[in-house]
Amino acid sequence: MSAPNKAYDPVRVTALAPAEVQRMLDAGLAAISGAGSFDELKEARLAHLGGRSPLVLASAEIGALPPEAKAEAGRRVGEAKRLLGEAHAGRQRELEADRDQRVLVDEVADVTLPWDRRASGARHPVAMLADRLADVFIGMGYEIAEGPEIEAEWYNFDALNFPPDHPAREMQDTFFVAGRDGAAHSGKVLRTHTSPVQIRAMLSRPLPVYVVSPGKCFRADALDATHSPVFHQIEGLAVDEGLTMADLRGAISAFVEAMFGPGLRTRLRPDFFPFTEPSADVSMECHVCRGASARGGSPCRVCKSQGWIEIAGCGMVNPRVLAACGIDADRYSGFAFGLGIERSLMIRNGLADIRDTIDGDVRFSRAFGAEA
Ligand code: DAH
């Protein structure tokens, strides 16, 4: 900084001369109005209004002026700073407005564009039906029970009273799991039905037992319109004191009415399963013709004009099975039933080919609705 002047010395304070201040002002205004970005504007501010800008350096000289010149020079410099400050603020506002305008254009959202192009998929109809079937029994107080798909032969057959030479154990029906080191048998099979879950439930739960068990089953069948090597069943089991076949009938007709409609009759006919005694197959009155086709009405495609449709196997739990699970057959009795879920779906929804349920074509699933 210069030393204070005793006398007015225009040479030493050229920087404060009106023409010079005007020049600094003009240069600053030009830089500010020419700034095309926030960065350029910041540079212009630092260059023309910053601590080391010519104008601010010049204003530091005011103190060196003789008293009579101070006020005028101070006003001049102050006015120049004010004008530059205003210009800067104005340019700042312009740049902000520009930016806001650009954002509106660049980031515009076209709300008319389709937003739901991505296919949402659908739950598989077999899974949906399995849930609904299980729900009917859950509504009656049953619990869900589960078992493994790779099952010990003992659960799948022996405990269910299949004799060792029962044809169902043979290779054409059962997928046997090979043992370690290439041994032909591991003692495990891909379960051929959900009935082994009965055994697991009786062994692991306190009595009384009321369970349903939906799940995958496997059989060495060739795939055709009515057979699939992988399919689903739902099993039901009740073990309690004093259960009779009347309870079984009641459970089955409640189930049929819940799934197929009120007022449909059910019929039990003798059949054979090693794990139930007596055993029966369950038919329900055709939900389409309600039996009219069998009484001389017009032909019915669904029941093939039989009036009845076979839907399940059932029976009273064989006392030998109860014994295998350590249950006192003199005190407790039980009933059981099992049905194929694909088959139920085909009956319920008029499907002709089980392969539709395994093709994985989402259009098939969609026809059943896209439940989450
Ligand atoms: N497990 C039998 C099958 O796969 C179906 C069955 C029949 C299950 C009678 C049962 C039953 O619980 O009581 O063919």
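Being a predicted model, the structure only gives us computed values, none of them experimental.

A. Summary view of the sheet that holds strand S3 (residues 176-177). Taken in spatial order, the three strands of this open sheet run S2-S4-S3, and their pairing is antiparallel. At either margin of the open sheet sits one strand with a lone partner, and together these are strand S2 (150-152) and S3. As paired elements, S2 and strand S4 (residues 188-190) share three bridges and run antiparallel to each other. Bridge assignment links Glu 151 to a residue of S4, and that residue is Val 189.

B. View of the site of the ligand. Neighbouring the ligand are 15 residues, the closest being His 193, Ser 195, Arg 219, Gln 233 and Glu 235. Here an oxygen atom of the ligand sits 3.1 Å away from a polar atom, N or O, in the side chain of Gln 198. At a separation of 2.9 Å, an oxygen atom of the ligand approaches a polar side-chain atom of Arg 219. In isolation the ligand has 360 Å² of accessible area, and contact with the protein removes 89% of it. Counting only elements with at least two residues in the shell around the ligand, the list comes to strand S6 (230-241), strand S9 (308-317) and strand S10 (332-340). Split into classes, the residues belonging to the shell around the ligand amount to five nonpolar, eight polar and two charged.

C. Molecular detail of the packing of aromatic side chains. Applying the stated rule across the entire model yields nine aromatic pairs. On the basis of an interplanar angle of 25° and a centroid distance of 5.2 Å, the ring pair of Phe 137 and Phe 255 is categorised as stacked. Of this pair, Phe 137 sits in helix H5 (residues 125-138) while Phe 255 sits in helix H8 (residues 245-260); the two residues are 118 residues apart in sequence, bridging distant segments of the chain. Here Phe 137 and Phe 255 have matching classes, each one buried. Three or more aromatic residues joined by ring pairs make a cluster, and in this case those are Phe 137, Tyr 142, Tyr 210, Phe 255 and Phe 337. Of note, Arg 200 hangs over the ring of Tyr 155, and the distance from its end group to the ring centre comes to 4.0 Å.

D. Summary view of the pairing of strand S5 (residues 209-218). Buried residues dominate S5, accounting for seven of its 10 residues. Pairing geometry for strand S1 (residues 143-144) and S5, over two bridges, is parallel. By the bridge assignment for S5, Ile 144 is matched with Val 212. One ladder, built from 10 bridges, connects S5 with S6; its direction is antiparallel. Among the inter-strand pairings, Pro 214 is bridged to a residue of S6, identified as Ile 234.

E. Just the pairing of S10, in detail. Across the nine residues that make up S10, a large majority, eight, are buried. Sheet topology note: the S6/S10 ladder contains nine bridges and is antiparallel. Residue Val 239 lies in a different strand from S10, and its bridge partner there is Gly 334. As paired elements, S9 and S10 share four bridges and run antiparallel to each other. Paired with Gly 313 across the two strands is Gly 338, which belongs to S10.

F. The nonpolar core, seen in detail. By size, the foremost hydrophobic cluster in this structure holds 42 residues, and its most contacted members are Phe 255, Val 256, Ile 311, Phe 335 and Phe 337. Elements supplying a minimum of two residues to this core: H5, S6, H8, strand S8 (276-285), S9, S10 and helix H10 (341-349). Once residues lying within four places of it in the same chain are set aside, the contact partners of Ile 311 are Val 256, Val 282, Ser 283, Met 284, Leu 339 and Ile 347. Core analysis: the second largest hydrophobic core is formed by 22 residues, Ala 159, Phe 275, Leu 322 and Cys 325 among them.

G. Representation of the domain arrangement of the chain in the model. Here the chain is partitioned into domain 1 (10-106) and domain 2 (125-366). Placing the centre of domain 1 and that of domain 2 at their C-alpha centroids yields a distance of 91 Å.

H. Fine view of unusual backbone geometry. In this structure, the amide linkage connecting Leu 207 to the following residue, Pro 208, adopts the cis form with an omega of -5°. Positionally, Pro 208 belongs in the loop between helix H7 (196-204) and S5.

Parameters and conventions
Residues numbered from 1 in each chain as written. Predicted model: local features only at pLDDT ≥ 70, side-chain atom pairs only at ≥ 80, totals over all residues. Heavy atoms only, no water. Pairing = 2+ DSSP bridges. Helix = DSSP H or I, 4+ residues; strand = E, 2+ residues; numbered from the N terminus. Near = heavy atom within 4 Å. Polar contact = N/O pair within 3.5 Å; in protein donor to acceptor, adjacent residues only side chain to side chain. Areas by Shrake-Rupley, 256 points an atom, 1.4 Å probe, with all protein chains shown as cover. Nonpolar A, V, L, I, M, F, W, Y, C, P; charged D, E, K, R; others polar. Phe/Tyr/Trp six-rings, centres within 6.5 Å; stacked < 30°, edge-to-face > 60°. Buried < 20%, exposed > 50% of the residue type's maximum accessible area, 1.4 Å probe, protein only. Lys NZ or Arg CZ within 6 Å of the ring centre and 35° of its normal. Core = buried A, V, L, I, M, F, W, Y, C linked by side-chain atoms within 4.5 Å. Contact = heavy atoms within 4.5 Å. Domains from an automatic or database assignment.

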